[in-house]
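# Breakdown of the fold
For reference, the chains in residue letters:
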Amino acid sequence: MRRVLGTSFALYAPALGLLLVTLIYLAVAYRYKPDLRAFPAGVAWIMVVLLGLDLVSRTGTRIGAALTRWLNPGSVHLGAPAETQPRARQVSAVLWLVAFAALLVLVGILAAVPIYLFAALRWRGRRSYRACALGAAGATLFVWLLFAVVLRVALYPGLLFGGA
Amino acid sequence: MLDLWLSGFLGLMQVRELAFLGIGMAIGVVFGAIPGLGGATALALLMPLTYGLEPFTALALSGGVMGAIPMGGSITAILLNAPGAAPNAATCLDGYPLAQQGKAGLAIGAAASANSLGGIIGTISVLAVLPVAKQLVLLFGPPEFFLMTIFALVTVASASRRQLLRGLITGGLGLMISFIGYSDVIGGERFTFGTDYLWDGINIVPALIGLFAVAEMINLSAKGGTVSRAVGTVVVTRMWSGVLETFKHLGTVLRGSLIGTLIGAIPGESGTVAAFLSYSLTVQASKDPGSFGKGNIEGVIAPEAAINAKDGSALIPTIAFGIPSGAEMAVFLGILILHGMQPGPLMLMNNQREIYGLVWALTASCLLASSVGLLFVRPLALITLIDADILAPLVLCVAFVGSFSVNGEIENVIVTAVFGILGYLMIRFDYPRLTVVIALVLGNTTERSFRQSMAMSDGDWSIFVHRGTSLVIIASIALTLALPLLRVLVRRARSPA
């Protein structure tokens, strides 16, 4: 991996990502009239300064080390907590979540819950088909009883089945 | 005064309220026992379910959860060396060695009774302080409220595992998000991009469910395996001897409870700080400091008393100023808002019955949880051996459907997913999440009180330094920001040249 100022480029990614979001936020804020944008833009400018400091603190320079000591002494090694998690598992965990959210929106709650649970228990949990079917059915029944019967929530039918 | 205490107590003594208190307590013990879940996740998941309940009943349920979390956490900390919640990590230091010596029952008995006593002392302190808090809050005008919100953000950021800079950044991010929607202060919409759903701003409930429950489940899924990796032998005897041990060390209980009470009232200072501070002061005060870490019963009693005492006093900043002292209180604040209670002076005036009812619920829950916890030690320990790949999908289902049920808008599901991924990225890249939550909750108050101050002074900024209260808060902000630098300088001065 390419190194910039004594640090792997990947370690700048979180701060750079946040900086990009902040700059877009600022650009949008400046489309509003001065009174409306004053507070959000003020906060965003402060964010730019803070993110600048964060970026400098990530460098392998003396200033970077001093900034880390003063302002972030708790972060000894950037990105360290995730070292124990295989990248494929991380991506897969996020993708399963996104897929479930998409299913809920598209086919509705009563269809998405059993499909997701069956698939997750089968392919991630590596359970037998029978256990997966029982688990999915039980959880769907629980969701229906709790939300539709007890709390009287009209469960979303899904975009494909008439949901708005 | 006494009639309010009584009214709150009698309100709780109804069949419905007691039933929900019991349910909350059971959920609290279970969630407390599972490492990584804890009070914030439990409350975030329950939040939408409380929607159809009366406010008082919802508070009984929440109090039940919050009062019981520490007991669940201490059981797994002692038996499996896997603290259910971060504060229980201090209990592991002597609790687990005791379990290894075959004295798990002694440790659990001591933890349960220290929990109860700590909870009672915390309750007494909050009952004593609440009437004073009402007078204190009335001294606060818009400039002081504005400064208090800044102070809350700075203290929370500085207390975020010694990551002031990252805490401030995530606080800024939370503020930026809180400005989405129609601004009733100025009149005009911001960052809605023509979406009707965003007109009311980001709904706090789906956001909190995402940041806590969903983010933790992604993290658990990414790690894989079982929740607890240390599987010890679950042998539990001599629990009553443990209870007696607590009464033999009442000084330790009192010291721990006092520390917990003081720490709990400071925004951002968590139960972890209270637990470890109580533990280290007990070690320093002991005649046999060498025995700590090897199975000294005082090493269990001290943190447990502090953790539960903290819960009571943590209500003070949350209710009086609308400034939560930690993640659990931030989610609890969401529950208050969901039920039409606006923390601050108005809540202290209009919802006194609910407040006292909540205090009683917290106490009753911690007492009940201690007894129930003792009865269900073994099954609670076994919960932590559930496979993450089974637990995570089940929790995610409840989280997403719960998020939808808040107001029946499917967009809540998308908000929950987005905040869940954001929360996971923050765990992954070591950014504190608590400041985002506090900023999300306080964003509108910050802007409103700033605008009101400016309107009061015709744009003169000196309004922020006119009154003594403001000056005290400004000095506290400056001190909090300077603390990390002072720490470095003190350490440098102490180290040999």
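Bear in mind that the values here come from a model prediction, so they are computed numbers and not experimental data. (Residues numbered from 1 in each chain as written. Chains lettered and ligands numbered in written order. Predicted model: local features only at pLDDT ≥ 70, side-chain atom pairs only at ≥ 80, totals over all residues. Heavy atoms only, no water.)

## Regarding the overall build of chain A
Note the cut-off: For helices the rule is a DSSP run of H or I covering at least 4 residues; for strands it is a run of E covering at least 2, with both sets numbered from the N terminus onward. Radius of gyration means the value over C-alpha atoms here, while the globule rule gives 2.2 Å times the residue count to the 0.38 power. For every residue, the accessible area obtained with a 1.4 Å probe (protein chains only) is divided by the maximum for its type, and the residue is called buried under 20%, exposed over 50%, and partly exposed between those limits. What makes two residues a contact is simply this: any of their non-hydrogen atoms within 4.5 Å. Throughout, the Shrake-Rupley method with a 1.4 Å probe supplies accessible areas, and for residues the shown protein chains are the sole cover considered.
Helices and strands together make up the secondary structure of chain A, namely 6 helices and 2 strands. Radius of gyration (C-alpha) of chain A: 23 Å, far over the 15 Å computed for a compact globule of 164 residues. Projecting the C-alpha coordinates of chain A onto the three principal axes gives extents of approximately 60 × 45 × 25 Å. Residues classed as buried in chain A amount to 42% of the 164 residues present. Sequence-distant contacts in chain A: of pairs separated by 6 or more residues, those separated by 24 or more amount to 47%. As presented, chain A carries roughly 9000 Å² of accessible surface, and 71% of it is formed by carbon and sulfur atoms.

## Notes on the packing of helix H12 (residues 271-285) of chain B against helix H13 (residues 298-313) of chain B
All names here are of chain B. As a reminder, the rule being used: Helix axes use the C-alpha atoms of the stretch in contact, all axes being lines fitted to C-alpha atoms, and the angles between their N-to-C directions lie in the range 0 to 180 degrees. For a crossing to be left-handed, the near helix must be turned anticlockwise from the far one by less than a right angle; the clockwise case is right-handed. The classification used treats Ala, Val, Leu, Ile, Met, Phe, Trp, Tyr, Cys and Pro as nonpolar, Asp, Glu, Lys and Arg as charged, and all other residues, Gly among them, as polar.
Closest axis-to-axis distance for the H12/H13 pair is 8 Å, and the angle between their directions is 145°. As for how H12 packs across H13, the hand of that crossing is right-handed. Counted together, Gly-271, Ala-274, Ala-275, Ser-278, Tyr-279 and Thr-282 of H12 and Glu-298, Gly-299, Ala-302, Pro-303, Ala-306, Ile-307 and Lys-310 of H13 form the full contact between these two elements. Looking at the contact of H12 with H13, its residues break down into 7 nonpolar, 4 polar and 2 charged.

## Digging into unusual backbone geometry
At Phe-191 of chain B, a residue that is not glycine, the phi angle is positive and equals roughly 55°. Looking at the element boundaries, Phe-191 of chain B is found in the loop between strand E2 (188-190) and helix H9 (204-223).

## Section: the pattern of salt bridges
Which entries qualify depends on this criterion: Salt bridge, as used here: a side-chain nitrogen of Lys or Arg that lies within 4 Å of a carboxyl oxygen of Asp or Glu.
Applying the stated criterion to the full structure yields 11 salt bridges over all chains. Across the salt bridge formed by Glu-447 of chain B and Arg-190 of chain B, the nearest N and O atoms sit 2.8 Å from each other. One end of the pair, Glu-447 of chain B, is in helix H21 (residues 434-456); the other, Arg-190 of chain B, is in strand E2, and 257 residues separate them in sequence. Taken individually, Glu-447 of chain B and Arg-190 of chain B each receive the classification buried, so the pair is uniform in this respect. In this structure, the salt-bridge partner of Lys-248 of chain B is Glu-245 of chain B, at a minimum N-O distance of 3.5 Å. Placement of both Lys-248 of chain B and Glu-245 of chain B in helix H10 (residues 239-248) is noted, with a separation of 3 residues, approximately one turn of the helix. Each member of the salt-bridge network shares a partner with another, and the members are Arg-89 and Arg-124 of chain A together with Asp-389 of chain B.

## Details of the state of the cysteines
Let me state the cut-off plainly: Throughout, disulfides are identified as pairs of cysteine sulfur atoms within 2.5 Å of each other.
One pass over the full model with this rule turns up 0 disulfides over all chains. The thiol of Cys-132 of chain A is not disulfide-bonded; the next cysteine sulfur, from Cys-397 of chain B, is found 13 Å away.

## Quick word on the interface of chain A and chain B
Often, the extent of an interface is quoted as the loss of accessible area on bringing the components together. To be explicit about the condition: Accessible area that two parts lose when put together, evaluated with a 1.4 Å probe and summed over both, is termed the buried area.
The partner chain B presents 63 residues to the 67 residues of chain A that form the contact. Between chain A and chain B, a total of about 5700 Å² is buried, with carbon and sulfur atoms accounting for 74% of that surface. Counting across the interface, chain A meets chain B through 4 salt bridges. Across the pair Asp-389 of chain B and Arg-124 of chain A runs a salt bridge whose closest N-O atoms are separated by 3.5 Å.

## Structural notes on the side chain of Glu-304 of chain B
All names here are of chain B. Selection criterion: Note that His is not counted, nor are the chain ends; the positive residues are Lys and Arg, and the negative ones are Asp and Glu. A 3.5 Å cut-off defines polar contacts: any pair of N or O atoms within that distance qualifies, except that in protein one atom must be a possible hydrogen donor and the other a possible acceptor, and neighbouring residues in sequence count only when both atoms are side-chain atoms.
Mapped onto the elements, Glu-304 comes out in helix H13. Of the side chains bearing the opposite charge, Lys-310 lies closest to the buried Glu-304, which forms no salt bridge; the N-O distance is 12 Å. Of note is the side chain of Glu-304, whose polar atom sits 2.6 Å from the side chain of Thr-91. Contact partners of Glu-304, with chain neighbours within four places excluded, come to Pro-70, Ser-74, Asn-88, Thr-91, Ala-111, Ala-114 and Asn-115.

## Some points on the confidence of the model for chain A
Residues and elements named next belong to chain A. For clarity, the cut-off: Confidence per residue, as judged by the predictor, is encoded in pLDDT with a range of 0 to 100.
On average, chain A scores 88 in pLDDT, and the residues at 70 or more come to 93%. Summarising per-element confidence for chain A, the mean pLDDT is lowest in strand E1 (residues 3-4) (78) and highest in helix H1 (residues 13-29) (95). Confidence drops under a pLDDT of 50 for residues 77-82, and excluding neighbours within four residues, the segment shows 9 contacts in the predicted structure.

## Things to note about the layout of surface pockets
It is a probe the size of a water molecule, rolled over the atoms, that shows where empty space is left. For the record, the criterion: Lining residues are those with an atom within 4 Å of a point, where the points come from a 1 Å grid over the protein atoms alone and group into cavities, where a 1.4 Å probe fits but cannot get out, or pockets, open sets with protein on both sides within 12 Å along at least five of seven lines. Grid points are joined across faces, edges and corners, and a volume is the space filled by probe spheres set on the points.
Taken as a whole, the second largest pocket spans an internal volume of roughly 1200 Å³. Taken together, 44 residues line the second largest pocket, and the ones lying closest to its centre are Ile-337, Gln-342, Val-441, Asn-444 and Arg-448 of chain B.

## A few points about helix H2 (residues 15-33) of chain B
Condition: Expected span of a helix, by definition, is 1.5 Å for each gap between consecutive residues, and there is one gap fewer than residues.
With 19 residues, H2 of chain B extends 27 Å between its outermost C-alpha atoms, agreeing within 8% with the 27 Å of an ideal straight helix rising 1.5 Å per residue. All buried positions along H2 of chain B are accounted for by Glu-17, Leu-21, Gly-24, Met-25, Gly-28, Val-29, Phe-31, Gly-32 and Ala-33 of chain B.

## As for the environment of Ile-266 of chain B
Residue position: Ile-266 of chain B is located in the loop between helix H11 (250-264) and H12. Taking the C-alpha atoms as reference points, Ile-266 of chain B and Ala-399 of chain B, 133 residues apart in sequence, are found 30 Å from one another.

## A short note on helix H5 (residues 109-124) of chain A
Residues and elements named next belong to chain A. With 16 residues, H5 should cover 22 Å at 1.5 Å per step; its first-to-last C-alpha distance of 21 Å lies within 8% of that length. Among the residues of H5, Ile-109, Ala-112, Val-113, Tyr-116, Leu-117, Ala-119, Ala-120, Leu-121 and Arg-124 are the ones counted as buried. Downstream of H5 by one or two residues, Arg-126 has phi in the positive range, about 50°.

## So, the environment of Ile-335 of chain B
Residues and elements named next belong to chain B. Considering the arrangement of structural elements, one finds Ile-335 in helix H15 (residues 327-338). For Ile-335, a relative accessible area of 1% translates into the label buried. For the pair formed by Ile-335 and Ser-62, sequence separation is 273 residues and the distance between their alpha carbons is 8.4 Å. Ignoring any residue separated from it by four or fewer positions in sequence, one finds Ile-335 in contact with Leu-43, Met-47, Thr-50 and Ser-62.

## Re the domain arrangement of chain A
Just so we agree on the cut-off: Here the bounds of each domain stem from an automatic or database domain assignment.
One can read the domain layout of chain A as domain 1 (3-71) and domain 2 (87-161). Centre-to-centre, using C-alpha coordinates, domain 1 of chain A lies 38 Å away from domain 2 of chain A.

## Quick notes on the nonpolar core
Definition in use: Residues enter a nonpolar core if they are buried and are Ala, Val, Leu, Ile, Met, Phe, Trp, Tyr or Cys, with the set joined through side-chain atoms within 4.5 Å.
Among the nonpolar cores identified, the biggest contains 157 residues, and Ile-109 of chain A together with Phe-332 and Phe-400 of chain B are the most heavily contacted of them. Sorting elements by how many residues they give to this core places H9 of chain B first, with 13 residues. Residue contributions to this core reach at least three from each of two domains, namely domain 1 (3-71) and domain 2 (87-161) of chain A. Beyond its immediate sequence surroundings of up to four residues, Ile-109 of chain A is in contact with Leu-104, Pro-114, Val-143, Leu-155 and Tyr-156 of chain A together with Val-401 and Phe-404 of chain B. Grouped together as the second largest cluster of nonpolar side chains are 26 residues, Leu-79, Leu-98, Ala-107 and Ile-297 of chain B included.

## Observations concerning a nonpolar patch on the surface
How we decide: Patch building starts from residues that exceed 30% relative accessible area and form no salt bridge, then joins like charges within 9 Å and nonpolar side chains (Val, Leu, Ile, Met, Phe, Trp, Tyr) within 5 Å.
On the surface, Trp-70 of chain A together with Leu-479, Leu-483, Leu-485, Leu-486 and Leu-489 of chain B cluster together to form a nonpolar patch covering roughly 500 Å² of accessible area. The leading source of residues in the nonpolar patch is helix H22 (residues 468-494) of chain B, at 5 residues. Residue position: Leu-479 of chain B is located in helix H22.

## Points about the packing of helix H8 (residues 164-178) of chain B against H21 of chain B
Residue and element names in this part refer to chain B. Put simply, the rule reads: For classification, angles of less than 35 degrees are called roughly parallel, those exceeding 145 degrees roughly antiparallel, those between 65 and 115 degrees roughly perpendicular, and all remaining angles oblique.
At a minimum axis distance of 7 Å, the contact between H8 and H21 shows a crossing angle of 45°. With respect to H21, the element H8 is oriented oblique. Crossing hand, H8 versus H21: right-handed. For the pair H8 and H21, contact is made by Gly-167, Thr-170, Gly-171, Gly-174, Leu-175, Ile-177 and Ser-178 and by Thr-435, Val-436, Ala-439, Leu-440, Gly-443, Asn-444 and Thr-446, respectively.

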